[in-house]
Amino acid sequence: MKNVISRRSILACSAVLALGLLTFGPQTASADALEDIAKAGSIKVGIFEDFPPFASLGSDMTVQGYDVEMAEIIAKSLGVKADLVGITGQNRIPYLSEGKVDLLLSIGFSDERAQVVDFTDPYAPYYIAVMGPEEIVVKDAADLAGKTIAVNRGTLEDTEVTKVAPAGADIQRYSDYNGVISAFLSGQAQLMVVGNDVGATILAKDPAIKPVEKFQLLTSPSNMAVKKGEAGLQKKLNELLASMRADGSLNDLAVKWLKAPLPKDF
């Protein structure tokens, strides 16, 4: 009988302890992010390190780009230093949930992701567009008839242009963006379908054939993401973005790195 009572007591104590951990543990672990950042003296910002023009290795062997500069602006607004943390598409949300980063950049909104992270307002435009030389007149999908169009095989760009391309459009599919760019710059393809990030990267190299935007196929702006429930940090970032839109500094960032002003409705 003593053994039965003892085991029941142990189980009861274990249940109380577990309840205590559930009650108090998360509250301690999820201390306000703004307070944690202030105490640490830095904000850990997750960025893709090889994602020009948002981030890539510059000639001085330091990471540069739209996201790098944005991270510095955010850190300055909070009175701390920016600690850049390299992420991948696979580990970025776990990194945020586990506290390895305080903030993610270059993440698109989706209902599925919104279940596990909180998004800020958009901070950078991202869209997929048909691009080509200025002298080629293309105003809409109908004008793609009879044109050769380079696209990265199996990407969203491929899917979107395939949806709207009329009969007679020659879609040339390549295994990577280098193939798409080479085909366009060599004249093998008259047009290309790429994101505005790829377009800006090409323009930064000042090629002989300069691509101009013909029309957009899909718009999906980039947001920042914070850990679920971090309303204070989310609000602070949204206030910063509103201020940057108002004073023109967000537009300046777009012109500098994306080689185009922000859309009028951004």
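Scroll up a little and you will see the structure.
About the thresholds
- Residues numbered from 1 in each chain as written.
- Predicted model: local features only at pLDDT ≥ 70, side-chain atom pairs only at ≥ 80, totals over all residues.
- Heavy atoms only, no water.
- Buried < 20%, exposed > 50% of the residue type's maximum accessible area, 1.4 Å probe, protein only.
- Helix = DSSP H or I, 4+ residues; strand = E, 2+ residues; numbered from the N terminus.
- Arc of directions from axis to C-beta.
- Contact = heavy atoms within 4.5 Å.
- Pairing = 2+ DSSP bridges.
- Axes fitted to C-alpha atoms, helices over the stretch in contact; angles between N-to-C directions.
- Salt bridge = Lys/Arg side-chain N within 4 Å of Asp/Glu carboxyl O.

1. Some thoughts on helix H9 (residues 249–258)
- Where H9 is concerned, the buried positions are Leu250, Leu253, Ala254, Trp257 and Leu258. The buried residues of H9 occupy one face: seen down the axis, they fall within an arc of 100 degrees.
- At its buried positions, H9 is contacted by strand S3 (63–64), helix H3 (66–78), strand S6 (117–124), helix H7 (196–204) and helix H8 (231–247).
- Following H9 by one or two positions, Lys259 has its phi on the positive side, about 60 degrees.

2. Overview of the pairing of strand S5 (residues 103–108)
- A large share of S5 lies buried, amounting to 5 of its 6 residues.
- In this sheet, strand S12 (residues 222–227) lies alongside S5 in antiparallel orientation, the contact comprising 3 bridges. The partner of Gly108 across the bridge, within S12, is Ser222.

3. Observations concerning the environment of Leu78
- Inspection of the secondary structure assignment puts Leu78 in helix H3.
- Taking the relative accessible area as the measure of exposure, Leu78 reaches 22% and is therefore partly exposed.
- Taking the C-alpha atoms as reference points, Leu78 and Ile43, 35 residues apart in sequence, are found 8.6 Å from one another.
- Those residues within four positions of Leu78 in sequence are excluded, and the remaining contacts are Leu34, Ile37, Ile43, Leu233 and Lys236.

4. Comments concerning helix H6 (residues 177–185)
- Among the residues making up H6, those that are buried are Gly179, Val180, Ile181, Ala183 and Phe184.
- The secondary structure elements touched by the buried residues of H6 are strand S7 (127–132), strand S8 (148–152), strand S9 (170–174), strand S10 (191–195) and H7.
- Just downstream of H6 lies Gly187, where phi reads positive at about 85 degrees.

5. Description of the sheet that holds S9
- On the basis of which strands lie adjacent, the open sheet formed by 5 strands has the order S9-S8-S10-S7-S11 and mixed pairing. Two strands bound the open sheet, and with one partner strand each, they are S9 and strand S11 (212–219). Between one strand and the next, the sheet's axes are offset by a mean angle of 25 degrees, whatever the strand orientation.
- Bridging between S8 and S9 involves 5 bridges; their strand directions are parallel. Looking across to S9, one finds that Thr148 is bridged to Asp170.
- Relative to the sheet, helix H5 (residues 156–164) contacts S7, S8, S9, S10 and S11, its axis offset from that of S11 by approximately 100 degrees.

6. Some details on the pattern of salt bridges
- Under the counting rule described, the total for this entry stands at 7 salt bridges.
- Here Lys210 and Asp206 are joined by a salt bridge, their closest N and O atoms 3.0 Å apart.
- On the basis of relative accessibility, which here comes to 43%, the residue Lys210 falls in the partly exposed class.

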